[in-house]
Amino acid sequence: MLYHAKNGAVRVEQGNMDYITFGTGSRILVMIPGLGDGLSTVKGKALPFALAYRVYAKEFRVFLFSRKEPLVPGYSTRDMARDQASALDALGIPRAAVLGVSQGGMIAQHLALQRPDLVERLVLAVTAARRTPQMEEAVHIWMDLARRGDYPGLVIDTTERSYSEDYLKRYRRLYPLLTRLGKPKEFQRFLIQAASCLDHDAWGELSRIACPTQIIGGTEDRVIGPNAALELAEAIPNSRLSLCEGLGHAAYEEARDFHTRVLEFLRQ
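Residues numbered from 1 in each chain as written. Predicted model: local features only at pLDDT ≥ 70, side-chain atom pairs only at ≥ 80, totals over all residues. Heavy atoms only, no water.

Draft legend 1. Inspection of the overall build of the chain at higher detail. Counting its regular elements, the chain contains 11 helices and 8 strands. For the chain, the C-alpha radius of gyration of 17 Å lies close to 18 Å, the compact-globule estimate for 268 residues. Summarising its shape, the C-alpha atoms of the chain cover approximately 45 × 40 × 35 Å along the three principal directions. Expressed as a percentage of its 268 residues, the buried residues of the chain come to 54%. (Helix = DSSP H or I, 4+ residues; strand = E, 2+ residues; numbered from the N terminus. Rg over C-alpha atoms; globule rule 2.2 N^0.38 Å. Buried < 20%, exposed > 50% of the residue type's maximum accessible area, 1.4 Å probe, protein only.)

As C-alpha cells, then:
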C-alpha cells in the first residue's frame, strides 16, 4: 500500500486501541489527535492519513492512535496517557518522538510525565496545561450540542471557533456538505472525551518534563485562548515556543509551515 500504510489495533487494559501506521523511516513518530477523535476514529483510515502526513514518511515510521474502545465516564487524560503507554509497550516501541494536537497534547503531557523513557522529543500543538475560560465556554457548548444530537451545530461551531476568517470565507459554502458527513451513531464517546478536557490539569507537574519540547500555538486561538501556549512554555523547562501569527486552533492545518517547524525541531 502507498507509503506502507496499514491499519491496526492493539489490546490495552479493558479495551482495544485502533491505530494506523505508515512511512519507512528509521525513527518512530507517534501522533495523538484531538477531540475530533470522539466523533470519528482512525479505524480503517490508514491511506488518507498517510497522504495527509506524507511529509513525515521518509524519515519516520509514523503511528497515529485513537483512544481506546470502549470508553467509560470519568476516563481522564491521565488514563488516556497510561493506555497510550501500554499500547507502545505492546507494539514494542521503546522510544519515540511524540506529536500531540489539542486534546492529544494534553495526553502527550501526561505521557511524558508518566513514562519519560518512552518520549524522545515532544511537540505540543494548540494545547493547554489546564482548563482555560475559552476552553470552558467552547467545550460546554459542544457538549450541549452533542447531548441534543445536533451534529450540524457542533460541526459549524467547532469550525467557526477554530479557523481564521480568511479560511472561513472560502469554506463556509461547504457547510451543507460537511454537516451531512461523518455523523456518529451516538455521542457518548465524544462527551466522555470532552469532559476529560475540562478536567485536564498538568500545570503543577510540567516542570518535570525533561525531554526537548516544542510548543506551537496560534495567536488568535478562540478554543483554548491565545495565552495557553505561553503558559506551557513558561512551565516546561528549556522548551521552545513557536507561534502562528493570525491563526487559531486549526493552526496545525492552516499554517503552511507547520510541518516544517515540527520537522526542523525533530531533526535537531
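Draft legend 2. Just the pattern of salt bridges, in detail. As enumerated under the stated definition, the model contains 18 salt bridges in all. The network of salt bridges with shared partners includes Asp 37, Glu 69 and Arg 189. (Salt bridge = Lys/Arg side-chain N within 4 Å of Asp/Glu carboxyl O.)

Draft legend 3. Quick look at the nonpolar core. Counting residues in hydrophobic clusters, the biggest one holds 38 residues, and the most contacted among them are Phe 65, Val 98, Val 119, Leu 122, Leu 206 and Ile 209. Each residue touching Phe 65, except ones within four places of it in the same chain, is listed here: Met 17, Asp 18, Tyr 19, Val 30, Met 31, Pro 33, Gln 84, Ala 87, Leu 88 and Leu 91. Membership of the second largest hydrophobic core comes to 30 residues, among which are Ile 20, Leu 29, Ala 57 and Val 123. (Core = buried A, V, L, I, M, F, W, Y, C linked by side-chain atoms within 4.5 Å. Contact = heavy atoms within 4.5 Å.)

Draft legend 4. Seen up close, the pairing of strand β7 (residues 213-218). The element β7 is extensively covered by neighbouring structure, given that 6 of its 6 residues are classed as buried. Burial along β7 is two-sided: Thr 213, Ile 215 and Gly 217 and Gln 214, Ile 216 and Gly 218, pointing in opposite directions, are all buried. Relative to β7, strand β6 (residues 119-125) runs parallel, the two sharing 4 bridges. Note on β7: the bridge partner recorded for Leu 122 is Thr 213. This β-α-β element, β7 to helix α9 (residues 228-235) to strand β8 (residues 240-244), shows right-handed connectivity. (Pairing = 2+ DSSP bridges. Right-handed = clockwise from strand over helix to strand, strands pointing away.)

Draft legend 5. Spatial organisation of unusual backbone geometry. Here the bond from Glu 69 into Pro 70 is cis, since omega is 5°, no more than 30 degrees from zero. With respect to the helices and strands, Pro 70 occurs in the loop between β4 (60-69) and α2 (77-90). A positive phi angle, near 40°, is found at Val 126, a position not held by glycine. With respect to the element layout, Val 126 can be found in the loop between β6 and α4 (133-147). Even without glycine at this site, Asn 238 takes up a positive phi of about 55°. Relative to the elements of secondary structure, Asn 238 occurs in the loop between α9 and β8. On the accessibility criterion, Asn 238 (77% relative accessible area) is exposed.

Draft legend 6. The arrangement of the packing of α2 against helix α3 (residues 103-114) in detail. Direction vectors running N to C along α2 and α3 enclose 65°, while the axes themselves pass 8 Å from each other. With respect to their mutual orientation, α2 and α3 come out roughly perpendicular. Two packed elements cross with a definite hand, and for α2 against α3 that hand is right-handed. Contact with α2, carried on its side by Thr 77, Arg 78, Met 80, Ala 81, Arg 82, Gln 84 and Ala 85, involves Gln 103, Met 106, Ile 107, His 110, Leu 111 and Gln 114 of α3 and no other residues of that element. Residues of the contact of α2 with α3, tallied by class, amount to 6 nonpolar, 5 polar and 2 charged. (Axes fitted to C-alpha atoms, helices over the stretch in contact; angles between N-to-C directions. Parallel < 35°, antiparallel > 145°, perpendicular 65-115°, else oblique. Left-handed = near helix turned anticlockwise from the far one by under 90°. Nonpolar A, V, L, I, M, F, W, Y, C, P; charged D, E, K, R; others polar.)

Draft legend 7. Fine view of the environment of Ser 239. Take Ser 239: it is sitting in the loop between α9 and β8. Each C-alpha atom of the pair Ser 239 and Pro 212 lies 6.4 Å from the other, and the pair is 27 residues apart in sequence. Not counting residues within four places of it along the chain, the set of residues in contact with Ser 239 comprises Thr 213, Ile 215, Leu 232 and Ala 233. At 3.3 Å, the side chain of Ser 239 and the backbone oxygen of Ala 233 are in polar contact. (Polar contact = N/O pair within 3.5 Å; in protein donor to acceptor, adjacent residues only side chain to side chain.)

Draft legend 8. Quick look at α4. A rise of 1.5 Å per residue sets the reference length of α4, with its 15 residues, at 21 Å; its end C-alpha atoms lie 21 Å apart and thus fit the reference within 8%. Summarising the contacts, the buried residues of α4 are in contact with α3, α5 (151-162) and α8 (188-199). A positive phi of about 70° marks Gly 149, the residue just after α4. (Expected span 1.5 Å × (residues − 1).)

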